[in-house]
Structures are given as structure tokens and as C-alpha cells.
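Okay, here's what each chain looks like letter by letter:
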Amino acid sequence: MKRRTTLIAYLFLLPALSLLAVFTFYPVLFGTVLSLFEYDIINPPRYVGLGQFQKLLGDRYFWIALTNSAKYVLVVPVIQLCSILLAVLVNRRLRAIGLFRAAYYIPVITSWPVVGIMWTWMYDQQGVVNWVLRSLAVIDRPISWLSHPTLTLYAVMFVTLWKGLGWYMVIYLAGLQSIPTEYEEAAMIDGASRARVFWHITVPLLRPYVLLASLVSTMAAVKVFEEIYVMTRGGPFFSTYTMFMYIFDEAFQELNMGYAAALAMVLAAVILVFSVINFRFFRRGGLEYY
Amino acid sequence: MRKLALYVLLVALAVFTTFPFLWTLLISLRTRGPIFSFPPDLRLTGVSAANYIGVWETLPLPRYVLNSLYITVVGVGLTLIICSLAAYPLARMQFRGKNVVFYAILATLMLPEHIGLIVNFVTMTRLRLVDTYASVYLPSIASIFGIFLLRQAYLSIPQELEDAARMDGAGDLLIWWRVMLPLIAPALATLAIFQFVAFWNSFLWPIIILKTPDKYPLAAGLLYLRGLFAHNTRFIAAGTIIATLPIVVVFLFTQRYFMRGITAGAIR
């Protein structure tokens with residue numbers, strides 16, 4: 001009987017497990033092996049040992065891409081802080097609050113090509129961003145945001161923020177609704193200011209959610225690709241060229257599959273390092289939540 | 001008074017998140033006058049559907065819409081079948097190796113997906129599937145998110161229902177199909193909506209694996225057209241709206257499922 005159940009169970013699992021085996025597990029194994037080879041799909045693979053990794057150390061574009069990917073992590077604390085504040089703002093019973101939440105969520109469900117097209121216009125010399133900043137007298141002449149050697153990376157980060165805000169808002173909203181209101185009320189009665197309650201009670205209680213959201217957000221930032229691809233393709237002058245952009249170019253433009261796999265391994269290691277830092281950072285403070 | 005200030009803030013933020021859409025809509029609706037002007041012309045004059053007709057008739061937009069519909073329908077359908085099958089034994093059967101399978105599936109969440117992109121391209125080349133619709137949806141129909149979401153749903157079904165069906169002599173497949181599936185319908189709907197958005201919006205994998213632009217789904221096709229017809233801003237704007245509208249409509253009608261899905265998927 002037990003044996004029969006096992007058989008039936010695996011029959012149910014069979015389609016999913018075979019797909020996962022081919023398209024999820026196998027890539028990690030084969031990807032690791034591939035990074036030790038030179039392979040261009042047409043000719044048979046040639047074993048080069050750690051050659052790809054040696055080549056990588058002397059590769060200027062690798063270091064540029066790595067630096068830009070690491071820089072992109074700057075967007076994480078900004079997104080997290082903004083979305084926590086946004087969640088606190090919409091976490092109340094108000095008429096039409098559902099409508100506002102929906103409005104903040106719409107960028108999340110929009111495709112990257114659409115976002116890229118729209119924001120290329122927003123950032124145009126004659127576009128809305130320049131108009132607003134000039135009206136507020138922040139700048140005195142229009143800036144070409146997507147072809148500026150230093151500002152473009154930050155302009156792209158701003159779009160990441162714009163598109164991601166709603167998603168993290170929903171995560172934090174779930175977090176806020178799981179916190180009993182007594183703590184905040186008690187502190188208010190004791191005369192604590194709103195800002196103090198936020199920093200010393202709300203944020204610490206949200207800690208597990210902050211950990212989860214910043215983990216997700218950090219991983220996304222290190223392997224940022226879509227926003228770059230649809231707006232700058234790494235330009236101007238490689239100032240927004242990230243690891244994933246480089247992998248994409250090596251794998252699918254140059255067909256250097258082995259080198260791309262080696263780059264992908266390095267990227268995986270970088271993601272791991274940033275995740276560990278995240279864990280360390282949020283574990284401090286001793287709130288035993290997880 | 002404080003309430004008023006609150007609403008002003010909420011409206012300002014809503015303008016921030018929706019303005020690019022509204023502006024694109026405005027560009028797509030006008031046929032004359034400067035596209036970019038200083039200050040932007042936000043009046044509703046000279047509005048017409050001419051750009052929509054134009055982009056639909058002169059560019060291969062209908063083709064892209066059909067591609068997207070096909071990939072989305074087949075992709076979502078297969079996801080539902082595969083995930084609802086796989087999640088069932090994980091939730092409601094005791095079998096040898098269950099924990100191993102469960103943690104193996106869980107571990108895939110940690111696997112770097114960008115390696116998958118490279119290797120799956122090689123795999124598809126070997127399977128001679130490059131440039132087929134199947135290559136677009138095959139790697140993502142065994143959705144981990146879906147398996148976990150549905151497993152949760154199966155777990156919440158009371159054991160008595162299953163026992164009663166077994167007493168009546170129903171086999172495993174029949175119980176799954178007639179008793180379990182109807183009861184997890186809300187979770188299936190959540191998964192269907194999420195996969196719909198994912199397939200409709202996908203562009204990275206399609207541009208890698210499809211070699212003929214005529215096979216592109218809408219999001220990828222739009223990007224391709226922008227490259228070719230960058231000067232025809234109004235047509236591209238109309239195409240952008242056409243690509244976004246279905247998603248926004250689906251979202252507005254199914255918001256409840258959305259919020260449930262995100263929190264269920266992210267916090268387990």
C-alpha cells in the first residue's frame with residue numbers, strides 16, 4: 001500500500017520534476033562545468049581549466065561591470081525606506097484608499113519595455129523631468145539624463161525605485177497589519193513623537209519584513225538588467241554597464257558561452273556575499289523573530 | 001484639515017506613479033503639434049484614435065498580440081496543470097523521499113537564474129527548439145511560486161472530505177480532480193493571474209530564444225519596433241498603451257488576488 005502511494009505521488013510530481021531537472025537543476029551543474037570550457041555552440045567545447053577566470057581578472061570591462069553592479073545596491077536602502085513610509089501612509093482606513101494603493105501598484109505590473117519607452121520620453125531634453133526640475137529651479141538648463149557620464153546610472157536607479165515601490169509597499173503593508181497596534185499606542189500615550197515611534201517601534205517590529213524585502217531588493221540590484229537594457233544598453237561609455245549586461249552580451253551577442261558562464265559564477269558569488277551581509281546587518285539588535 | 005493634507009499627499013504620490021502612463025496616453029491621442037514642448041502641453045485638444053488605427057494597420061502589432069495571447073494562454077494553462085499536480089502529493093500524501101523533494105524544490109529559489117539563461121539557451125539549441133513558441137514557455141511553467149502557493153491551499157482542505165470520497169471508492173486521480181481542484185480554485189485563480197502578467201510582460205527570454213521577430217510577444221515586439229521606428233513617437237505611444245491596457249484592466253478587476261498572492265508568495 002505504502003509503495004503504491006509512493007508511486008502515485010511521483011506520478012503526480014513527474015511533469016514538474018522533469019521540467020525542473022532540465023531547466024533549473026541541470027543549468028547550475030552544467031553552468032559550473034561550462035565555466036571551465038571555451039564553447040561557442042558551433043564548435044565542440046575546449047577545456048581551459050581556470051583559464052576563463054584568469055582572463056576575467058585582467059578584463060577591464062569585467063571590473064567596470066562589477067563596480068556598476070555593486071554601485072547599484074545603493075538603491076536598496078532608498079527603496080526600502082520609501083516603501084516603508086508609503087506603507088505606513090496607506091495603512092489606514094480612509095475613503096478610496098484602495099484606489100490609491102492600486103495607483104501605486106500599477107508600475108509593478110507594467111512590462112519593462114513599456115517602462116523603458118515611457119521613461120526615455122520622461123528623461124528627454126524636452127521631457128517632463130527637466131520641465132519639473134527647471135520649474136522648481138533645481139537645474140537651470142535641461143540635462144540629457146540618459147546620456148550623461150555620471151548621472152545616468154542614478155537616473156536608471158530612479159526608475160527602479162519608481163517601478164519597485166508598489167511591490168515593497170504591499171510586503172510592508174502585510175507586515176504592518178501583523179503588528180499589534182498596542183505598542184505604538186502605548187508609546188504615543190507616553191508622549192513619544194511620531195518620528196520616534198516610527199524609528200523605535202514600527203521599524204524594529206517590521207524587522208523580518210525588512211530583512212526579506214532588502215534581500216530580494218539587493219539580489220535584484222546586483223543582477224540589474226532589464227531597466228538598463230531598455231533605456232541605455234550600458235551606455236554612455238559603459239557608465240551603466242552591469243554584470244548581467246556583460247553576461248548577456250558575451251553569451252548572446254558574442255556566443256562566448258564559457259566566458260559568460262564564468263562571469264555568471266562570479267555574479268552568483270557576489271549575490272551570495274551581499275545576501276550574507278544583509279543577514280548579518282539585520283540580525284544585529286537581538287529581536288528574535290526568525 | 002489634517003485629513004485634507006493627507007489626501008493631497010496621497011494624490012501627489014498617485015500622480016508620481018501614474019504620470020508616465022497619462023503622458024504616454026496623451027501623446028498617443030494627438031496627431032499634431034509638438035510631442036515634447038516646454039512646458040508640456042497637457043490640454044485635451046485635437047484628440048483622435050488615428051495613431052491607434054495607424055499602428056494597428058501599418059506595423060505588425062496584431063501579430064504580436066496574437067503571439068502574446070498564444071504564449072500566455074498555453075503557458076498559463078500548462079502552469080496550472082503542472083503545479084496543481086505537483087503540489088498535491090507534497091501537501092496530502094505520505095511517501096518516501098517527500099522531504100528531499102520538498103527541500104530540493106525550495107532550494108531552487110536560491111539558485112542563480114542568470115546561469116539558467118545561458119545553459120537553457122544551449123539546451124534549447126540541442127533540443128532544436130530555438131525559435132519556437134514552446135521554447136518561450138517551457139522553462140517557466142514548472143513555477144516554484146505556483147507549487148508552494150497551491151500546496152498551501154491543499155493543506156487547508158479538511159481531511160474528512162478526502163476520507164469521505166475514499167469511502168465512496170474514488171481513486172487518487174478522481175479525488176484530486178473532483179474533490180481537491182474545485183476547493184483550491186481561488187489559489188488557482190491567483191496563480192493564473194500572476195502567470196498571465198509574467199508571460200504577457202516577458203521580453204528578456206523571448207528576445208534570446210526567438211530569432212524571428214515575427215514570433216515576438218507584444219512586449220518584445222514593442223521594444224523591437226521602438227528600435228526601428230524611434231522617430232514615430234506617436235505610433236510607439238499608441239502601441240505602448242495597447243500593450244499596457246490588458247494588464248491594467250486585469251489588475252483592477254483582480255486586485256484582491258494580487259495582494260493575496262504577493263504576501264503568500266513572499267512570506268511563508
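Here the structure is a predicted model, which is why all the values come from computation and not from measurement. (Residues numbered from 1 in each chain as written. Chains lettered and ligands numbered in written order. Predicted model: local features only at pLDDT ≥ 70, side-chain atom pairs only at ≥ 80, totals over all residues.)

A few words now on the overall build of chain A. Looking only at helices and strands, chain A features 14 helices and two strands. Referenced to the eigenvectors of the C-alpha coordinate spread, the extents of chain A come out at roughly 75 × 70 × 35 Å. Counting across all 290 residues of chain A, residues that qualify as buried make up 41%. Contacts in chain A between residues at least 24 apart in sequence constitute 71% of all its contacts with a sequence separation of at least 6. (Helix = DSSP H or I, 4+ residues; strand = E, 2+ residues; numbered from the N terminus. Buried ≥ 20, exposed ≤ 12 C-beta atoms within 10 Å, placed from the backbone. Contact = placed C-beta atoms within 7 Å.)

Another point: the overall build of chain B. What chain B contains, in helices and strands, is 14 helices and zero strands. Written out in order from the N terminus, the α and β elements of chain B read α-α-α-α-α-α-α-α-α-α-α-α-α-α. Relative to a compact globule of 268 residues, whose C-alpha radius of gyration would be 18 Å, chain B shows 23 Å and is clearly more extended. Principal axes of the C-alpha set define a box for chain B whose edges measure 75 × 65 × 35 Å. Across the 268 residues of chain B, 38% fall into the buried class. (Rg over C-alpha atoms; globule rule 2.2 N^0.38 Å.)

Let us now look at the interface of chain B and chain A. Buried accessible area, meaning the area lost when the parts come together, often serves as the stated size of an interface. In this assembly, 67 residues from chain B lie in contact with 61 residues from chain A. Here the side of chain B that touches chain A takes 10 residues from helix H5 (residues 113–126) of chain B, the largest share from any one element. For the side of chain B that touches chain A, the residue count by class is 48 nonpolar, 16 polar and three charged. (Nonpolar A, V, L, I, M, F, W, Y, C, P; charged D, E, K, R; others polar.)

Another point: unusual backbone geometry. Even without glycine at this site, Phe-237 of chain A takes up a positive phi of about 50°. Turning to its location among the elements, Phe-237 of chain A is positioned in the loop between helix H12 (226–231) and helix H13 (243–253).

What follows concerns the confidence of the model for chain A. Overall, the predicted model of chain A reaches an average pLDDT of 88, with 97% of residues at or above 70. Predicted confidence for residues 285–290 of chain A stays below pLDDT 50, and this span has six contacts to residues more than four positions away or in other chains. (pLDDT = per-residue confidence, 0-100.)

Residue and element names in this part refer to chain B. Considered domain by domain, chain B is made up of domain 1 (1–48) and domain 2 (65–266). Once you take the C-alpha centre of each, domain 1 and domain 2 turn out to be 34 Å apart. In this assembly, seven residues from domain 1 lie in contact with seven residues from domain 2. Residues of the side of domain 1 that touches domain 2, tallied by class, amount to four nonpolar, three polar and no charged. (Domains from an automatic or database assignment.)

The next thing to look at is the nonpolar core. Formed by 145 residues in total, the largest nonpolar core has its most connected members in Tyr-172, Ile-247 and Ala-264 of chain A together with Ile-118 and Leu-150 of chain B. Counting residues per element, this core draws most heavily on helix H8 (residues 152–178) of chain A, at 14 residues. With sequence-adjacent residues up to four places away left out, Ala-264 of chain A is seen in contact with Gly-31 and Ile-247 of chain A together with Pro-112, His-114, Ile-115 and Ile-118 of chain B. (Core = buried A, V, L, I, M, F, W, Y, C linked by C-beta atoms within 7 Å.)

Mapping Met-257 of chain A onto the fold places it in helix H14 (residues 257–283). Remark: the alpha-carbon pair of Met-257 of chain A and Phe-30 of chain A, spanning 227 residues in sequence, is separated by 11 Å. Setting aside chain neighbours within four positions, we find Met-257 of chain A in contact with Leu-34, Tyr-39, Asp-40, Ile-41 and Ala-251 of chain A together with Ile-118 and Val-122 of chain B.

The next subject is the packing of helix H2 (residues 50–58) of chain B against helix H13 (residues 233–253) of chain B. Residue and element names in this part refer to chain B. Running from N to C, H2 and H13 point in directions that differ by 85°, and their axes come no closer than 8 Å. The angle between H2 and H13 places the two elements in the roughly perpendicular class. Contacts from Asn-51, Tyr-52, Gly-54 and Val-55 in H2 reach Arg-234, Phe-235, Ala-237, Ala-238 and Gly-239 in H13. Tallied by class, residues from the contact of H2 with H13 come to five nonpolar, three polar and one charged. (Axes fitted to C-alpha atoms, helices over the stretch in contact; angles between N-to-C directions. Parallel < 35°, antiparallel > 145°, perpendicular 65-115°, else oblique.)

For the rest of this paragraph, the subject is the environment of Tyr-70 of chain B. With respect to the helices, strands and loops of the structure, Tyr-70 of chain B is situated in helix H3 (residues 61–92). Sequence separation between Tyr-70 of chain B and Pro-217 of chain B is 147 residues, and the spatial gap between their C-alpha atoms is 8.9 Å.

This next bit is on the confidence of the model for chain B. Residues of chain B with pLDDT of at least 70 account for 96%, and the chain-wide mean is 88. Here the predicted complex scores 0.89 on pTM and 0.88 on ipTM.

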